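Residues per chain are reported as follows:
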Protein chains: 2
Amino acid sequence: MMNKNRPVIARAHTNIALVKYWGKQNENLIIPQNDSLSLTLDQFYTDTTVTFDPTLTADAVLIDNEVAQGSDYQRVVDFLDIVRQKAQTPDRFFNVNSVNHVPTAAGFASSASAFAALAAAASRAADLKLDLTELSRLARRGSGSASRSIFAGFVQWHTGNDDETSYAEQYASAADWDIGVIALTLQKSRKKVSSRQGMQLSVTTSPFYSEWIKLANSDIEQIKQAIDQHDFTTVGHISETNALRMHALTLSADPGFIYFTGQTIEMINEIRQLRKMGIECYATIDAGPNVKVLCQKENASKIMTHFNQLLGSENVIYTTPGSGIEYLEK
Amino acid sequence: MMNKNRPVIARAHTNIALVKYWGKQNENLIIPQNDSLSLTLDQFYTDTTVTFDPTLTADAVLIDNEVAQGSDYQRVVDFLDIVRQKAQTPDRFFNVNSVNHVPTAAGFASSASAFAALAAAASRAADLKLDLTELSRLARRGSGSASRSIFAGFVQWHTGNDDETSYAEQYASAADWDIGVIALTLQKSRKKVSSRQGMQLSVTTSPFYSEWIKLANSDIEQIKQAIDQHDFTTVGHISETNALRMHALTLSADPGFIYFTGQTIEMINEIRQLRKMGIECYATIDAGPNVKVLCQKENASKIMTHFNQLLGSENVIYTTPGSGIEYLEK
């Protein structure tokens, strides 16, 4: 029954969290501390081809046409071990070819689309017949935010408390929504704290962390109401305050740190300035210096013109909502 | 009995809060939300000359040799109204000449030394015989942090809950302490939120504010123990985390904002780097972009050389602990 030789190709899109995931209750299973809610995006995706190859004696992994090595390789192998375990094929290995169409510089976590695509392609190659919820759980084991990239539209990742109960699902389609995201690529900061480290430090040392959990869960309820009502203003406002409060957790850790650079601060101020001029848009920022701008169609070109002038057009990328997991034919 | 014609000259030094004052419970009386603890500094001070002049029909105020106008003038007059009320001399006016030896660019609040000196000079000119506690209460009405500049050394401002119970006092002398402060002057940020506005916004909109109060009061207890033990490392560590957590309040307000510029973040990273190299020093930052470095004598020149190279020596000023309020003879 096994598709031993037929390659399976899956495409997953990245997503931007409007209510952020920040902190794990279980590091190994990647069970988060709070619900998060994201929008899946069209422009940024990963295509992953997997063959369940009986001739291999170890997993072979190409990422962006280079042989994966060291911790990058190990992270994929650890994930494939979970697939092998589920498929009860401990001695079979995968050939993986993963191509990211996510400009690393744009500061989107390619791990979200990468592990969503890998979960879909590897599980099908191993003949596991997973429904979308099962796929979301599996993708979560590779990268928390990958659990959300299985679905299109507005997606909620339910915290849960174990492997079974922690998964994402679509909350609402974005097909009838007027919303877009402009990704601004800024200079890299000199220092880098991984989001995994940053989360750990926030959970264990920020005196504000317990309030964050309450806040995030309350933001989820409010943003869902705003999504129901197609209320862009409230969605934008919650997204911006939620993001800055996530960053307040890193600043209040011990040692406190910040993912922002001076340009991050300047771009937040630019967005505020545009709002004052009546051009509605909101900032959201993940664990890095880059800023994403939430906007509506009528304002997108004005906002892009503004940031093109400041940053150069190569550093300003516009995208609309994207689709969920897809299987491609060769 | 009144010194109607004799000028009274008072000198007050500025102070740097190691556990920050951030938020008022009473805007009018300037009763804070939490205790704060500061170190009075030597290099930065204000000399204020006050004459209680029977020939005047309104207060005359010179600040740094310019006639004070608008809101600057009104703030002084409002303060002098309190002195007039205490002295029961509603129809008499003051001649005030205030000279700040606080480089505005260094980002120290000159209002702390300015209102401490004004409180001392005006109250004596009006023949009020105030003890240091009464003087601290009076200075508080002009600017919260001025209540601390009445005293030398490590100074605690007790929150209190009314005019009578909210005042500062010396917790410990710094005479037998090895501690200095290097003030780094950075580029100004484009946007400016006054500390008064910033506090209000934090108190009313940050979901983390109630935790801040608990934290600050706990930091006070711990830093006092460290001061008792001459434990520079703990004093430095508490000062740095407390400052960053104060800034986390502004970032978590609605709208969230930050006093940092990119240079602020770079300087924090430089300080961390110096620590890794074994040169012990800690950052503290008030409501603005500038960074102050806490250090000990043995490391001061190495640290200054490092920052001189980065910022130019005109932007790096070293100071040691200073004295409390003094009256000067002409």
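Quick caveat, the model's predicted, so the values are computed rather than measured. (Residues numbered from 1 in each chain as written. Chains lettered and ligands numbered in written order. Predicted model: local features only at pLDDT ≥ 70, side-chain atom pairs only at ≥ 80, totals over all residues. Heavy atoms only, no water.)

Undergrad: Outline the overall build of chain A, listing residues and values.
TA: Along chain A, the regular secondary structure elements total eight helices and 14 strands. Relative to the 2.2 N^0.38 estimate, which gives 20 Å for 330 residues, the radius of gyration of chain A is 20 Å and therefore close to what a compact globule would have. For the C-alpha atoms alone, the extent of chain A along its principal axes is close to 60 × 40 × 40 Å. Within the span of chain A, comprising 330 residues, buried residues form 57% of the whole. Carbon and sulfur atoms make up 47% of the accessible area of chain A, which amounts to about 13200 Å² in all. If you average the places of the 30 positive and of the 36 negative side-chain charges in chain A, the two averages end up 3 Å apart. (Helix = DSSP H or I, 4+ residues; strand = E, 2+ residues; numbered from the N terminus. Rg over C-alpha atoms; globule rule 2.2 N^0.38 Å. Buried < 20%, exposed > 50% of the residue type's maximum accessible area, 1.4 Å probe, protein only. Areas by Shrake-Rupley, 256 points an atom, 1.4 Å probe, with all protein chains shown as cover. Lys, Arg positive; Asp, Glu negative; His and termini not counted. Charge placed at Lys NZ, Arg CZ, Asp CG, Glu CD.)

Undergrad: Mind laying out the interface of chain A and chain B, listing which residues take part and the relevant values?
TA: On the chain B side, the residues contacting the 30 residues of chain A number 30 residues. When the buried area of chain A at its contact with chain B is split by residue, Phe208, Arg245 and Leu251 of chain A rank highest and sum to 25% of it. Applying the counting criterion to the chain A and chain B interface returns zero salt bridges. The tally of links from chain A across to chain B stands at eight residue pairs in polar contact (both at pLDDT 80 or more). Breaking the side of chain A that touches chain B down by element, the ones donating at least two residues are helix 5 (209-228), helix 6 (232-251) and helix 7 (262-276) of chain A. The element best represented in the side of chain A that touches chain B is helix 6 of chain A, accounting for eight residues. A per-class count over the side of chain A that touches chain B returns 13 nonpolar, 10 polar and seven charged. (Contact = heavy atoms within 4.5 Å. Buried area = accessible area lost by both parts, 1.4 Å probe. Salt bridge = Lys/Arg side-chain N within 4 Å of Asp/Glu carboxyl O. Polar contact = N/O pair within 3.5 Å; in protein donor to acceptor, adjacent residues only side chain to side chain. Nonpolar A, V, L, I, M, F, W, Y, C, P; charged D, E, K, R; others polar.)

Undergrad: Tell me about unusual backbone geometry, and name the residues and values.
TA: Here the amide bond leading from Asp254 of chain A into Pro255 of chain A is cis, since omega sits at 5 degrees, within 30 degrees of zero. Positive phi, normally seen in glycine, also occurs at Gln88 of chain B, with a value near 55 degrees. Within the secondary structure, Gln88 of chain B is located in the loop between helix 1 (70-87) and strand 7 (93-101). Take Gln88 of chain B: its relative accessible area is 69%, and that puts it in the exposed class.

Undergrad: Would you mind going over the sheet that holds strand 12 (residues 291-295) of chain B in detail, with residue names and values included?
TA: Residue and element names in this part refer to chain B. Taken in spatial order, the four strands line up as 11-12-10-13 in an open sheet, and their pairing is antiparallel. At either margin of the open sheet sits one strand with a lone partner, and together these are strand 11 (282-284) and strand 13 (316-319). If you compare each strand with its neighbour and ignore which way they point, the axes differ by 25 degrees on average. When strand 10 (residues 180-184) meets strand 13, the two strands line up antiparallel, connected through four bridges. Bridge pairing in strand 13 links Ala183 to Ile317. Each of strand 11 and strand 12 touches helix 6 (residues 232-251); the most contacted strand, strand 11, lies at about 40 degrees to it. (Pairing = 2+ DSSP bridges. Axes fitted to C-alpha atoms, helices over the stretch in contact; angles between N-to-C directions.)

Undergrad: Which residues make up helix 3 (residues 132-142) of chain B, and what are the values?
TA: Those residues of helix 3 of chain B that sit buried are Leu135, Ser136, Arg137, Leu138, Ala139, Arg140 and Gly142 of chain B. Contact partners of the buried residues in helix 3 of chain B: strand 3 (31-32), helix 1, helix 2 (110-125), strand 8 (154-157), strand 9 (168-172) and strand 14 (326-328) of chain B.

Undergrad: Quick rundown of the pattern of salt bridges? Include the residues and the values.
TA: All names here are of chain A. For the coordinates displayed, the defined rule picks out 24 salt bridges over all chains. For the salt bridge of Asp286 with Lys20, the shortest nitrogen-to-oxygen distance reads 2.6 Å. Of this pair, Asp286 sits in the loop between strand 11 (282-284) and strand 12 (291-295) while Lys20 sits in the loop between strand 1 (8-19) and strand 2 (24-26), placing them 266 residues apart in sequence. Among the ionic pairs, Lys129 bridges to Asp127, the shortest N-O distance being 3.7 Å.

Undergrad: Just give me the short version of the domain arrangement of chain A, but keep the residues and values in it.
TA: Residues and elements named next belong to chain A. Domain assignment breaks chain A into domain 1 (8-176 + 323-328) and domain 2 (180-318). Its C-alpha centre places domain 1 at a distance of 23 Å from the equivalent point of domain 2. Contacts between domain 1 and domain 2 engage 30 residues on the former and 41 residues on the latter. In this assembly, domain 1 packs against domain 2 so that about 2900 Å² is buried in total across both faces, 66% of it on carbon and sulfur atoms. Sorting the residues of domain 1 by area buried against domain 2 places Leu18, Lys20 and Trp22 first, and these three jointly supply 29% of that buried surface. There are two salt bridges connecting domain 1 and domain 2. (Domains from an automatic or database assignment.)

Undergrad: Describe the nonpolar core, listing the residues and the values that go with them.
TA: Core analysis: the biggest nonpolar cluster contains 199 residues, and Phe154, Leu184 and Phe307 of chain A together with Phe154, Leu184 and Phe307 of chain B have the highest contact counts within it. Beyond its immediate sequence surroundings of up to four residues, Leu184 of chain A is in contact with Met267, Asn290, Val291, Val293, Phe307, Leu311, Asn315 and Val316 of chain A. (Core = buried A, V, L, I, M, F, W, Y, C linked by side-chain atoms within 4.5 Å.)

Undergrad: Residue-level account of the relation of the copies chain A and chain B, with values.
TA: By a simple turn and slide, chain A fits onto chain B: the slide is 0.0 Å along the axis, the RMSD is 0.0 Å, and the turn is 180 degrees. Overall, the copies show the geometry of a two-fold rotation axis. Using C-alpha coordinates, one finds that chain A approaches the rotation axis most closely at Gly262 of chain A, a distance of 1.6 Å. Take the interface residues of chain A: 100% of them recur as interface residues in chain B, which is what a same-surface contact looks like. (Least-squares fit on C-alpha atoms with pLDDT ≥ 70 in both.)

Undergrad: Could you give me a rundown of the sheet that holds strand 11 of chain A, with the residues and numbers involved?
TA: Residues and elements named next belong to chain A. Pairing within the open sheet is antiparallel, and its four strands lie in the order 11-12-10-13. Two strands lie at the open edges of the sheet, namely strand 11 and strand 13 (316-319), each paired on one side alone. Here the average twist between neighbouring strands, direction ignored, is 25 degrees. Judged from the five bridges that link them, strand 10 (residues 180-184) and strand 12 form a sheet pairing that is antiparallel. Directly across from Ala183, in strand 12, lies its bridge partner Lys292. The strands touched by helix 7 are strand 10, strand 11 and strand 12; relative to strand 12, the strand with the most contacts, the crossing angle is about 15 degrees. Sitting on the sheet, helix 8 (residues 297-311) touches strand 10, strand 12 and strand 13, and the angle it makes with strand 13 is about 165 degrees.

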